[in-house]
Amino acid sequence: MAKKNIDWANIGFGYIKTDKRYVSNYTGGKWDDGAIIDDDMITMSECACVLQYAQTIFEGLKAYTTEDGKIVVFRPDLNAQRLANSSRRMEMPVFPEDRFVDAVVQTVKANADFVPPYGTGATLYLRPYMFGINPVIGVKPADDFQFRVFATPVGPYFKGGVKPLTIKVSDFDRAAPHGTGFIKAGLNYAMSLHAIVTAHEEGFAENMYLDAATRTKVEETGGANFLFVTKDNKVVTPKSDSILPSITRRSLMVVAKEYLGLEVEEREVFFDEVKDFAECGLCGTAAVISPVGKINDHGKEICFPSGMEKMGPITQKLYDTLTGIQMGRLEAPAGWIRVIE
Ligand SMILES: *Cc1c(COP(=O)(O)O)cnc(C)c1O
């Protein structure tokens, strides 16, 4: 195996074309056998459902090299399950969960030279997605779909050390009650683009979205779930039907309880109580946890005691333990690590 000549530690989080991708087509009411192909371009009708009515869903996970040199992926079965849930909500056919995991494995194998070496902090990001591909002009779901998985190497999320973020309470809503906030659909991102550009222009890294109905409860950011730590070291995460169930966050809650012996709570979190927390972090595949140092609520600042220099102590422990499990330095719970043979 000859690794690609890439400056792994400095590639950033952007799309780099790799050699192979997986494709399976759904036509006539069934999925074909699927295959690894070379062509990175997609040709479709100008009237494809995805282009007109945004019928598309996706997943995100990583392949990386462990300390002992194995290529692994983290809990791909949960991505399979989540894509199936997204499919059902979006009137799309379910891509069978075992085939999803197999497609991920095939894509990683086919691009093994792009899996960054251990210790670089870089990973091979995998993007499974599915979209309605046949022409649709009256509003209805597509009949034909394409499922794909591509891979792109991404650099370490925090170059030159972790820096706590400053975020703002958004005046926009991310997800409506009874809407699509709990699925991983492009549409949830399309409507967040204006909000994130606005936040960036104002100098904030991210938006904290509150529940759309009452604007009193914490939901999540555009692409990460919140974890809070109370002053007596309890780990708290918001519960809501309009939050995307982050696999990283669910894993961190297990780590907190089973590895660190901490009390954990998934419950409604009122924005009013955020000022009383000791630590705050954002959880997602990309960064595992990004610490939040400060939240700006319309000019009023909430400054966490962990400060703007480093992660809070519990956040750090959670981060070290989960990344230790992922990188093979700590024993993983059964089924969490899928080795690519
Ligand atoms: C993908 C995503 C997350 C993070 O989920 P992970 O499974 O941990 O990567 C959180 N919130 C939203 C809205 C997302 O789309």
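Residues numbered from 1 in each chain as written. Predicted model: local features only at pLDDT ≥ 70, side-chain atom pairs only at ≥ 80, totals over all residues. Heavy atoms only, no water.

1. Looking at the side chain of threonine 65
Here is step 1: Residue placement: threonine 65 occurs in strand E5 (residues 61-65).
Here is step 2: Judged by relative accessible area, threonine 65 falls into the buried class, the value being 10%.
Here is step 3: At 2.7 Å, the side chain of threonine 65 and the backbone oxygen of proline 116 are in polar contact.
Here is step 4: Once residues within four sequence positions are removed from consideration, threonine 65 is found in contact with Lys70, Ile71, Val115, Pro116, Pro117, Tyr118 and Met327. (Helix = DSSP H or I, 4+ residues; strand = E, 2+ residues; numbered from the N terminus. Buried < 20%, exposed > 50% of the residue type's maximum accessible area, 1.4 Å probe, protein only. Polar contact = N/O pair within 3.5 Å; in protein donor to acceptor, adjacent residues only side chain to side chain. Contact = heavy atoms within 4.5 Å.)

2. Observations concerning helix H6 (residues 247-259)
Here is step 1: Helix length check: H6, at 13 residues, gives a terminal C-alpha distance of 17 Å against a target of 18 Å (1.5 Å per residue), a fit within 8%.
Here is step 2: When H6 is considered as a whole, its buried residues turn out to be Ile247, Thr248, Arg249, Ser251, Leu252, Met253, Val255 and Ala256.
Here is step 3: Glycine 261 sits one or two positions beyond H6 and adopts a positive phi of about 65°. (Expected span 1.5 Å × (residues − 1).)

3. With respect to a nonpolar patch on the surface
Here is step 1: Among the surface-exposed residues, Tyr53, Ile137 and Val139 lie close enough to one another that they form a single nonpolar patch of about 350 Å² accessible area.
Here is step 2: Structurally, the position occupied by isoleucine 137 is in the loop between strand E7 (123-132) and strand E8 (145-154).
Here is step 3: Among the residues examined, isoleucine 137 registers a relative accessible area of 64% and is labelled exposed. (Patch = residues over 30% accessible without salt bridge, like charges linked within 9 Å, V, L, I, M, F, W, Y side chains within 5 Å. Areas by Shrake-Rupley, 256 points an atom, 1.4 Å probe, with all protein chains shown as cover. Salt bridge = Lys/Arg side-chain N within 4 Å of Asp/Glu carboxyl O.)

4. Section: the pairing of strand E15 (residues 288-297)
Here is step 1: The element E15 is extensively covered by neighbouring structure, given that 9 of its 10 residues are classed as buried.
Here is step 2: Strand direction decides the pairing type here: strand E9 (residues 165-169) and E15, joined by 4 bridges, are parallel. Across the sheet, isoleucine 167 pairs through a bridge with isoleucine 295, a residue of E15.
Here is step 3: Relative to E15, strand E14 (residues 279-284) runs antiparallel, the two sharing 4 bridges. Within E15, the residue paired with cysteine 283 across the bridge is isoleucine 289.
Here is step 4: Here E14 folds back onto E15 in antiparallel fashion, the turn holding 3 residues.
Here is step 5: Linking E15 back to strand E16 (residues 300-303) in an antiparallel pair, the connection comprises 2 residues, with histidine 298 at a positive phi of about 50°. (Pairing = 2+ DSSP bridges.)

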